[in-house]
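Spelled out, the chains give:
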Amino acid sequence: MSWIKIEENKVIDYEFEVIGFNPEWIDEDFNPEGTRVCFQTDSGEKGWCSAKWIDNQDCYHADFESAPTYIIGIPKPSKH
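Residues numbered from 1 in each chain as written. Predicted model: local features only at pLDDT ≥ 70, side-chain atom pairs only at ≥ 80, totals over all residues. Heavy atoms only, no water.

Concerning the overall build of the protein chain
Using the following cut-off: Strands here are runs of E lasting at least two residues and helices are runs of H or I lasting at least four, both read from the DSSP assignment and numbered beginning at the N terminus. For a compact globule the rule gives 2.2 Å times the number of residues to the power 0.38, and the radius of gyration it is set against comes from C-alpha atoms. The contact definition used throughout considers only heavy atoms, calling two residues in contact when any of these lie within 4.5 Å. The protein chains shown are the only cover counted for residues, whose accessible areas, like all others here, come from Shrake-Rupley with a 1.4 Å probe. Positive charges are assigned to Lys and Arg, negative charges to Asp and Glu, while His and the chain termini are left out of the count. We put the charge of a Lys on NZ, of an Arg on CZ, of an Asp on CG and of a Glu on CD.
Counting secondary structure elements, the protein chain contains zero helices and six strands. Ordered by position from N to C terminus, the α and β elements of the protein chain give β-β-β-β-β-β. Computed over its C-alpha atoms, the radius of gyration of the protein chain comes to 13 Å, within 12% of the 12 Å expected for a compact globule of 80 residues. Judged by the C-alpha coordinates and their principal axes, the protein chain covers about 40 × 35 × 20 Å. Put simply, 41% of the contacts in the protein chain that link residues at least 6 apart link residues at least 24 apart. When the accessible surface of the protein chain is split by element, carbon and sulfur atoms take 50% of a total near 6100 Å². Computed over 7 positive and 16 negative side-chain charges, the inter-centroid distance for the protein chain is 8 Å.

Now the structure itself:
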């Protein structure tokens, strides 16, 4: 698996969650890698929803205001 660059306003045919990266998501304390779980949606201006950590509330918040610049599929767990 490798990272796929997302072009502005390009619709990707994903109907499942992916790991997204955006340099704007980097936070040294709470998200040093700048990654989030994301999925495409018809809500919001960017067409994506991601899970953003809100530290002062100790929970995740659905963020429709930003979009990943790169995505990669979430690996499936190995079967034991």
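Quick word on the side chain of Arg36
Rules: Exposure classes here rest on a 1.4 Å probe applied to the protein chains alone. A residue is buried below 20% of its type maximum, exposed above 50%, and partly exposed in between. The definition of a polar contact used here is a pair of N or O atoms within 3.5 Å, where within protein one atom must be able to donate a hydrogen and the other to accept one, and adjacent residues in sequence count solely through side-chain atom pairs.
Tracing the sequence through the fold places Arg36 in strand 3 (residues 35-40). You can call Arg36 buried: its relative accessible area is 9%. Of the polar contacts made by the side chain of Arg36, one reaches the side chain of Ser50; its length is 2.9 Å. Engagement of the side chain of Arg36 in a polar contact is seen with the side chain of Asp63, the distance being 2.7 Å. Excluding residues within four positions of it along the chain, Arg36 makes contact with Val18, Ile19, Gly20, Trp25, Asn31, Ser50, Ala51, Lys52, Asp63 and Ser66.

Comments concerning the packing of aromatic side chains
Heads up, the condition is: Two rings belonging to Phe, Tyr or Trp (six-membered ring only in the last case) form a pair when the distance between their centres is within 6.5 Å. Interplanar angles under 30 degrees mark stacking, angles over 60 mark edge-to-face geometry, and anything in between is tilted.
The tally for this structure, following the rule as stated, stands at one aromatic pair. Judged by centre distance (4.9 Å) and plane angle (70 degrees), the ring pair of Trp53 and Tyr60 falls under edge-to-face. What makes Tyr60 exposed here is its relative accessible area of 58%.

A few points about the pattern of salt bridges
Note the following rule: Each reported salt bridge corresponds to a side-chain nitrogen of Lys or Arg within 4 Å of a carboxyl oxygen of Asp or Glu.
Within this structure, the stated rule accounts for one salt bridge. A salt bridge links Arg36 to Asp63, with the nearest nitrogen and oxygen atoms 2.7 Å apart. Residue Arg36 is found in strand 3, and its partner Asp63 is found in strand 5 (residues 59-63); the two are separated by 27 residues along the sequence. Look at Asp63 and you get buried, because its relative accessible area is 9%.

Considerations on a negative patch on the surface
Put simply, the test is: A residue counts toward a patch only above 30% relative accessible area and without a salt bridge, and it is joined to like-charged neighbours within 9 Å or, for Val, Leu, Ile, Met, Phe, Trp and Tyr, to nonpolar neighbours within 5 Å.
A cluster of like negative charges, contributed by Asp27, Glu28, Asp29, Asp55 and Asp58, occupies part of the molecular surface. Looking at the secondary structure, you find Asp55 in the loop between strand 4 (48-54) and strand 5. Residue Asp55 is classed as partly exposed on the basis of its relative accessible area, which comes to 36%.

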